[in-house]
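Below are the chains, spelled out letter by letter.
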Amino acid sequence: MAKYVISAFVADFDGTVTEQDTIDPMARLAIGQLEQSDAQLENWLSLSRQYQSQSTAVDNSFFSEFSSLESFVSNFHKTVEMPALEQVVSQKFLMGLKKEQLHQLGQKTKKKKLVEQVLIKLRRKSVRIEILSANWSTDLIIGAVGDYCDLITANDLLFTNEDPTTTTGEIKLKITSAQHKLNRIEQVMNTYGKTAFIGDSINDILAICRADIGILIGQNQLARQALGYFEIPFVDIQLRSDYFPDIHSGSVIGLSSWSEVDFFLKTHKLPTNDEPSNSSL
Ligand SMILES: [Mg+2]
């Protein structure tokens, strides 16, 4: 049994572990291999722009249509995430990629400073490490952090029967929504005990709220606005000065870097009783 403050540490991948989203380079790699790639690239850019515009900050009145954070994120999944995903599959943006290319893309993806060091340190404390991602390629994530974690739960690009190393453009979906991430976090908490989850966007928000330690990393405005609107306890401790465990235990923790994640976990104390400490939801 781990003596550390947590038994399991679960992290989102894109924008949490990585500096940039890996979806765009993955699609561009596939599109760049086409003989006539210009039209497909234009289609991709158009979808990408549309998605970006739908997932950035909104006017606060937008949230008033929803009675809870759960109903807001469920609507976001239905109206933003799923239509985009359907386009990705129907337009075969990710067709023709080799497994090896996905590994290599993962290997050369720039990770946030200190990610590996923090994960290695946690493993030395016998903390289970999982990646929980709505990324479309588990192979890409294996290339990036396969050596540092015990389990990766993400989606899989499918490969053709004729050539089992080349993608068809279809995706075997496992994790596409905030609810899917929440479900996995609850499984991890039930199986392994005290669990931290770290994520950067609206898709992570339910898991962040449910985990014993829920960390929102970075400055995603939509996620911050949603927490604020639905009055989820949140404390931004980017300057390491505003955190008071007696008052803030159970709040979502806002951090800006992995060095702060390291510092926070090292110094954090969870309540000693067996009740789940988080009451954000
Ligand atoms: Mg992310």
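Residues numbered from 1 in each chain as written. Predicted model: local features only at pLDDT ≥ 70, side-chain atom pairs only at ≥ 80, totals over all residues.

J.: Please clarify how the overall build of the chain should be interpreted in this entry.
T.: Secondary structure summary: the chain contains 11 helices and 10 strands in total. Along the first, second and third principal axes, the C-alpha atoms of the chain reach 60 × 45 × 30 Å. The proportion of buried residues among the 281 residues of the chain is 37%. Partitioning the intrachain contacts of the chain with sequence separation of at least 6 by distance along the chain shows that 64% fall at a separation of at least 24. (Helix = DSSP H or I, 4+ residues; strand = E, 2+ residues; numbered from the N terminus. Buried ≥ 20, exposed ≤ 12 C-beta atoms within 10 Å, placed from the backbone. Contact = placed C-beta atoms within 7 Å.)

J.: Sorry if this is basic, but what is going on with the nonpolar core here?
T.: Within soluble globular proteins, side chains that are nonpolar tend to cluster in buried spots. The biggest cluster of nonpolar side chains holds 69 residues, and the ones touching the most others in it are Leu94, Ala196, Ile205, Ile208 and Ile215. Ignoring anything within four residues of it in the chain, the contact list for Ile208 reads Phe197, Gly199, Gly214, Ile215, Leu216 and Val252. (Core = buried A, V, L, I, M, F, W, Y, C linked by C-beta atoms within 7 Å.)

J.: What is the right way to look at the sheet that holds strand β2 (residues 95-98) in this model?
T.: Backbone hydrogen bonds are what pair the strands of a sheet, in a parallel or an antiparallel way. Here we have 3 strands laid out as an open sheet, ordered β2-β6-β5, and antiparallel in their pairing. A strand with exactly one partner marks an edge of an open sheet, and here the two such strands are β2 and β5 (156-159). Across this sheet, the average inter-strand angle for adjacent strands is 60°, counted without regard to direction. The pairing of β2 with strand β6 (residues 166-172) spans 2 bridges and is classified as antiparallel. If you follow Lys98 over to β6, its bridge partner there is Thr166. (Pairing = 2+ DSSP bridges. Axes fitted to C-alpha atoms, helices over the stretch in contact; angles between N-to-C directions.)

J.: How do you make sense of the sheet that holds strand β8 (residues 213-217) when you look at a structure like this?
T.: Reading across the sheet, the 7 strands line up as β4-β3-β1-β7-β8-β10-β9 and stay open at both edges, with parallel pairing between neighbours. The sheet terminates laterally at β4 (151-153) and β9 (234-236), the two strands that pair on one side only. Averaged over all pairs of adjacent strands, the angle between strand axes in this sheet comes to 20°, irrespective of strand direction. Strand direction decides the pairing type here: strand β1 (residues 8-11) and strand β3 (residues 128-132), joined by 4 bridges, are parallel. Residue Ala11 lies in a different strand from β3, and its bridge partner there is Ile131. Contacts between helix α11 (residues 258-267) and the sheet are confined to β7 (195-199), β8 and β10 (252-255), with β10 contributing the most and set at about 140° to the helix.

J.: Just checking my understanding: could you explain the packing of helix α5 (residues 115-124) against α11 for this structure?
T.: The packing of two helices is summarised by the inter-axis angle and the distance between the axes. At a minimum axis distance of 9 Å, the contact between α5 and α11 shows a crossing angle of 25°. The angle between the axes of α5 and α11 places the two elements in the roughly parallel class. Here α5 and α11 pass one another in a crossing that is left-handed. Residues Val115, Val118 and Lys121 of α5 pack against Trp258, Val261 and Asp262 of α11. Across the contact of α5 with α11, the residue classes break down as 4 nonpolar, no polar and 2 charged. (Parallel < 35°, antiparallel > 145°, perpendicular 65-115°, else oblique. Left-handed = near helix turned anticlockwise from the far one by under 90°. Nonpolar A, V, L, I, M, F, W, Y, C, P; charged D, E, K, R; others polar.)

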